[in-house]
Structure formats: structure tokens, C-alpha cells
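Listed here are the chains, written in short residue letters.
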Amino acid sequence: MDAGEQASPRNRGFTLIELLVVIAIVAILAALLLPVLSKVPMKARGAQCQNNLHQTGLAVEMYISDHSMYPPGLDAGPPVKAWPDFLAAYNPVSWTNAAWQCPTYIAEGGTVIWNLSRTGGKGFVLNTSCSYAYNADGIVSYKSIGKRTWVLGSPPLGLGDLNLKVPDNQVVAPSEMYAIGDSRPGGFPDREFRGGITMQPWELAPSALHAKYTEAKPPHANGYNLLFADGHVGLVKRRDYLYPPRSAQNWNRDHQPHPELWAPANEWAVQN
């Protein structure tokens, strides 16, 4: 070896302290990235849900173009049809198909049900469940006619109740009226996770009858994706969607809040 040359230092591994520092840095990065990564599937589901509602909105527009009115929430027929059945001719995916549903609803185990049974004569029992609900009644008062039975106590102010079709020119503020959106699914411990096929601005039944009922949390960022009557889709926070003083007019085709029809405040899903 020449006098001017020096021996290179031996290659050595990390010391224990260096390894601990590297592990700590990796842990910090993971802690920063995991919340972001966990939100990616949620955002993707929300985007797919909004796309589903957009496609349904196009079907509604085509139905209105042909009929000059909104479909009824339910038609006793025969045959018995719900509002999605009226849109089937304009929508490429059947409403009983999982691809039609909000992916968050399916991911959380929500069931899709269409079960019609006759009770004799012209009577029937319709058992339904899906991820999207129709603003059939708007803000409307109900009256009890039995322990678990309620009927409309005032004319529906939504887009179409049983056998009722609303002309499109009766909707005063289409850009602000709720038309179709995420349902508020829930259920009892011994039943499936279900979503109502028509919207409810609050839980109508006395709370004592629903002590064991559990409602699902909002599917998207503490809110619900909603299709408005003018065709645009947006996210509405639960605190606004289900609180009458802030949103009652959005439920009604005359764009009036109608506080005389509100359920008692202690039955509101959102209290402030």
C-alpha cells in the first residue's frame, strides 16, 4: 500500500439508536398517512353514490319529459309499482341490482328487498328495502289510528304519495327541493339492515315503540347525498337535513316550511 493511501473504514450496520430512530420515523409517517388512506374508499363510495343519483336524476328528467309529472312514490296498480319501477325504462340498471345502490349501504350489509304479498281482495303488504329514498310526502302530519298504524293527516307536499303524481310545474323551487337521496337505514336486532324507500324528515313513531331500533350513521361525511328536483346532486349534513327549522321548506314543493305540520320537537331526529 502506498504511503499516501488510507484504508477505507469497514462497512458497519445501524446502531440500536439509529434503528430506533428509523422505526420512530416510519411510525410517524404511518400515523400521518393511515387516516388519509382510510378516507380514500369512503370518498370513492361517496363519488359512486353521487354518480348513481346523477343517473337517476337523468331518468327522472326523461320521465317528466314524457309525462309532465313526477312518478308516484307507490302505485297500487295492478301491478303494484314503487317509484323506481316507473324510472326503469330510463335507467340502464335495475333498482334491485346492487350496482344501483349506494356502495356504502351495501358495504355495511344493507339489504335490497322487494316483496309483495296479497292479503285478500285488493289489499296487499309491500316489504321493501333499498339505499335510496324518494321525497313522496314532504313535511306532512300523521295521525294515529292504532297502536302501530299512522295515516296522513294532511295532503302530502312532496313529489307523489300513493297513486299521486305531481305535475312538474307545481315545484316552486326545484334547485332547493329534495327529490331522491340516501335513505336512513336501520333495524331491530333480529332483523336485517334496511333502508326505507321513501324519505322521512324525522322518526314519526313514538320513541317508546322503537326503544330497540337502531338507525345507521349518515353514510357520507356526517351527511346524505341528495338529488334535488332540478337534477343537481349534493351532500347535505344530517344536522341540516333532519332539523325542520333549517330545512322544512326543502321538503315541500311549495317551498314553504309549514310548521303547523311538524312533528313534536321531542320526535325530531336532530334537536338543534
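Before going into details, it helps to say that this report is about the structure given with it. Remember, predicted model here, so these are calculated numbers, not experimental data.

When helix 5 (residues 244–251) is considered as a whole, its buried residues turn out to be Pro244, Ser247, Ala248, Asn250 and Trp251. The arc that holds the buried residues of helix 5, viewed along the axis, is 165°, so those residues lie on one side. Where helix 5 is buried, its residues touch strand 8 (178–182) and helix 4 (238–241).

Let us look at the packing of aromatic side chains. In the structure shown here, the tally under the stated rule is 15 aromatic pairs. When the ring of tryptophan 95 is compared with that of tryptophan 100, the centres are 6.4 Å apart and the planes differ by 70°; the resulting orientation is edge-to-face. Residues tryptophan 95 and tryptophan 100 agree in their burial class; the two are buried. Arranged with centres 5.4 Å apart and planes meeting at 85°, the rings of tyrosine 178 and tryptophan 251 form a pair that is edge-to-face. Pair noted here: tyrosine 178 is in strand 8 and tryptophan 251 is in helix 5, with a separation of 73 residues, a long-range link. Of the two residues examined, tyrosine 178 and tryptophan 251, each falls in the buried class. One aromatic cluster in this structure is built from Trp83, Trp95, Trp100, Trp114, Tyr132 and Tyr134.

Okay, the nonpolar core next. With 30 residues, the main nonpolar core has Tyr70, Trp83, Tyr132, Tyr134, Leu159 and Ile180 as its most contacted residues. Elements with a minimum of two residues in this core: helix 1 (16–67), helix 2 (83–87), strand 5 (132–134) and strand 8. Membership of the second largest hydrophobic core comes to 19 residues, among which are Leu157, Tyr178, Met199 and Leu242.

So, on to the pairing of strand 12 (residues 233–237). Taking every second residue as pointing to the same face, the buried face of strand 12 carries Gly234 and Val236, while none of Val233, Leu235 and Lys237 on the other face is buried. Following strand 11 (residues 223–228), the chain reverses through 4 residues before pairing antiparallel with strand 12; glycine 231 in that reversal takes a positive phi of roughly 105°.

The buried count for strand 8 comes to 5 of 5 residues, which makes it a mostly enclosed element. As judged from the 3 bridges shared by strand 5 and strand 8, these two strands associate in the antiparallel manner. Bridge pairing in strand 8 links alanine 133 to glycine 181.

Its identity is not glycine, yet serine 68 carries a phi of approximately 60°, on the positive side. Inspection of the secondary structure puts serine 68 in the loop between helix 1 and strand 1 (74–75). For alanine 221, which is not a glycine, the phi torsion comes out positive at approximately 50°. Here alanine 221 lies in the loop between strand 10 (214–215) and strand 11.

Conventions adopted
- Residues numbered from 1 in each chain as written.
- Predicted model: local features only at pLDDT ≥ 70, side-chain atom pairs only at ≥ 80, totals over all residues.
- Heavy atoms only, no water.
- Buried < 20%, exposed > 50% of the residue type's maximum accessible area, 1.4 Å probe, protein only.
- Helix = DSSP H or I, 4+ residues; strand = E, 2+ residues; numbered from the N terminus.
- Arc of directions from axis to C-beta.
- Contact = heavy atoms within 4.5 Å.
- Phe/Tyr/Trp six-rings, centres within 6.5 Å; stacked < 30°, edge-to-face > 60°.
- Core = buried A, V, L, I, M, F, W, Y, C linked by side-chain atoms within 4.5 Å.
- Pairing = 2+ DSSP bridges.

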